[in-house]
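# Notes for the structure review
Read off the chains here:
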Amino acid sequence: MLSHDVLQALTTALGPDRVFADPETRALYSSDETPRQVMPGAVLFPASHDHVVALMRLAHAHKLPVVARGAGSGNVGGALPVANGLVVSFECMNRILEFDPLNRLMVVQPGVVTEDIGELARTQGLFYAPDPGSGAYSRIGGNLAMNAAGPHAVKYGVTRDHVLALKAVTGEGKTLVTGCRTSKGVTGYDFTRLLIGSEGTLALITEATLKLLPAPETVATLRLCFASNRSACLAVERVMRQPVLPCALEIMDRRSIEAIRPTGTADDLPAGTEALLMVEVDGTQREVPHLVAALKSALNGGEGLLEIREGVTREQAQALWAARKSLSHAVKRYAPLKINEDVVVPVSRLADFIDYLDKLGNLYPFPIVSFGHAGNGNLHVNLMVHPDNTQEMAQAHECLLEMIRTVLAFGGTLSGEHGIGTEKRDYVGLEIQPDTLALMRAVKHQFDPMGILNPGKLFPD
Ligand SMILES: Cc1cc2nc3c(=O)[nH]c(=O)nc-3n(C[C@H](O)[C@H](O)[C@H](O)COP(=O)(O)OP(=O)(O)OC[C@H]3O[C@@H](n4cnc5c(N)ncnc54)[C@H](O)[C@@H]3O)c2cc1C
């Protein structure tokens, strides 16, 4: 338990109703999307940058572990508390501080819900491109810490590509101001990009200046059905080889299609459909029909193509997207626990990788369900297992290690968007060379000499 003196000092620093150490609140903030639970010592609700400075100074002085928290929707254990440590929830720092359409930027606090940013931007014909599937509830601070992305990343990039500046607090309670408000700027080291994706291990982000883009006039959706996973992946290659860059290029395998059947969106698929692609292009009303025609001519005649459905209405597209986004939970029909990977391979190796996954699926007794952002080569590979079956769990971990080694041998990477947290840190040493890893640890030490910011995450032991 945290001592009475520490709790009192935190309450004095933050004011009343901002420090909670009762069992109910601690339990509420003890987990994220992973199936683990760790009880923190207290949950803090700062309302300003100065509150965060004050609490970090106290945590530094008392060597208390600090775990930042947005919505707790992360699926790698990033927001899991440290036992008896502090959880800093940014729910009360949820204001949009400035919207400047002329300079195409928005200044936000970390607790703003991701989709609220896009909603406000659209009132002035602009949009915020990163679109994680959890955007209706995830907070921008969590997105920044994980460098979140979504289907639009194939054309527009990831969170890191849409941030101009940050304000943050280091592990010693120092204020860090990075970047600038202009669309160009090269002064000094790029700490903005360093902090994005650092998973709360270097600093707590208290403010972000986000870059906005002109919203496309229109979007067209194609739905493509294939006789095999491999043929769908070969179609991805055909799309990515020609000049029209889609704004989304998503894949679902047979088991994913089965999982969305209750939504009705798979009712009209042609017989023999084993894989589905959703391809979208955006732009002006004039250009989009030409972009669609170019894509269709690239795709026509491809191996195993059963149907290209064009002219998908907005309602149909929205239903398909809702079904696609529901997959994260819908796959649980196969087994209570999903071991959820989000590996990336070069697009040129996607077909080989999907073949490899099919073979892996035949070797192990549990279902493997794959879907994801095929245009980036980013697949969510889900091993569907029963946590109380020790043998199955051991096999799943063996399967995982084997798969990760293959991804790396294909020139890929461990994580495209979900991050490392607690769940993948054992594998980091397989991808990052020892000298590079040592330098990363040294950087962490500069930002957080006591090692109190999100300990036990990101780095292997
Ligand atoms: C159904 C579902 C769909 C998803 N789809 C996607 C997707 O398409 N793309 C994607 O990238 N992810 C996706 N995710 C994962 C998750 O939503 C993202 O990682 C998201 O960015 C987490 O945001 P959060 O507010 O929930 O953060 P949390 O889970 O609360 O925290 C995530 C990490 O950020 C740190 N953190 C939070 N706030 C701060 C701060 N202010 N300063 C420093 N560190 C901080 C935490 O310590 C933790 O390490 C999905 C998750 C679910 C459940």
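The sections below set out a description of the structure shown in this document. (Residues numbered from 1 in each chain as written. Predicted model: local features only at pLDDT ≥ 70, side-chain atom pairs only at ≥ 80, totals over all residues.)

## Notes on unusual backbone geometry
We count it as follows: In this text, helices come from DSSP runs of H or I with a minimum length of four residues, and strands from runs of E with a minimum of two, each type numbered from the N-terminal end. Each residue is classified by how many other C-beta atoms fall within 10 Å of its C-beta atom, where C-beta atoms are placed from the backbone; a count of 20 or more means buried, 12 or fewer means exposed, and values in between mean partly exposed.
Of note in this structure, D17 is not a glycine but carries a positive phi near 60 degrees. Within the secondary structure layout, D17 lies in the loop between α1 (4-14) and β1 (19-20). With 10 C-beta atoms packed within 10 Å, D17 lands in the exposed category. The phi angle at N147 is positive, at roughly 50 degrees, despite the residue not being glycine. Relative to the elements of secondary structure, N147 occurs in the loop between α5 (140-146) and α6 (153-156).

## A short note on the sheet that holds strand β18 (residues 378-385)
Selection rule: Strands were regarded as paired on the criterion that DSSP finds at least two bridges between them. To get an axis, a line is fitted to the C-alpha atoms, and for a helix only the part in contact is used. The angle between two axes follows their N-to-C directions and goes from 0 to 180 degrees.
Pairing is antiparallel across the open sheet formed by 7 strands, whose spatial order is β15-β12-β14-β13-β17-β18-β16. At either end of the open sheet lies a strand with only one pairing partner, and these are β15 (305-309) and β16 (337-344). Strand-to-strand twist across the sheet, computed as the mean angle between neighbouring axes with direction ignored, equals 15 degrees. The sheet contact formed by strand β12 (residues 218-226) and strand β14 (residues 275-283) spans 9 bridges and is antiparallel. Bridged to R223 within β14 is M278.

## Re the site of the ligand
Cut-off, in case you're wondering: Here is the check we use: build the C-beta atom from the backbone, and if it is within 6 Å of the molecule or strand, call the residue near. Three classes are used, and their members are as follows: Ala, Val, Leu, Ile, Met, Phe, Trp, Tyr, Cys and Pro are nonpolar, Asp, Glu, Lys and Arg are charged, and the others, Gly among them, are polar. Per the annotation, domain bounds derive from an automatic or database assignment of domains.
Residues in close proximity to the ligand total 36 residues, the closest being G70, G74, G78, G141 and G142. Of all the elements in the fold, those that place two or more residues in the shell around the ligand are β3 (66-69), α5 and β10 (203-211). Broken down by element, the shell around the ligand gets its largest block of residues, 5 residues, from α5. Looking at the shell around the ligand residue by residue, the classes come out as 13 nonpolar, 17 polar and 6 charged. Both domains that meet at the shell around the ligand, namely domain 1 (4-89) and domain 2 (96-214), each give it at least three residues.

## Observations concerning the nonpolar core
For the record, the criterion: The term nonpolar core refers to a group of buried residues, namely Ala, Val, Leu, Ile, Met, Phe, Trp, Tyr and Cys, whose C-beta atoms join them within 7 Å. C-beta atoms are first placed from the backbone for all residues, and any pair lying within 7 Å is then listed as a contact.
Core analysis: the largest hydrophobic core is formed by 120 residues, its most contacted members being L44, L55, V236 and L277. Setting aside residues no more than four positions away along its own chain, L55 makes contact with L10, A13, L14, L44, P46 and V88.

## Quick word on the pairing of β12
Relative to β15, β12 is paired through 4 bridges, and the arrangement is antiparallel. Counted as the bridge partner of C225 is E307 from β15.

## Points about the sheet that holds strand β5 (residues 96-100)
Spatial ordering of the open sheet is given by β5-β6-β10-β8-β9, a layout of 5 strands whose pairing is antiparallel. The sheet terminates laterally at β5 and β9 (175-179), the two strands that pair on one side only. Across this sheet, the average inter-strand angle for adjacent strands is 15 degrees, counted without regard to direction. In the sheet, strand β8 (residues 163-170) pairs with β10 via 7 bridges, with the strands oriented antiparallel. By the bridge assignment for β10, V169 is matched with L204.

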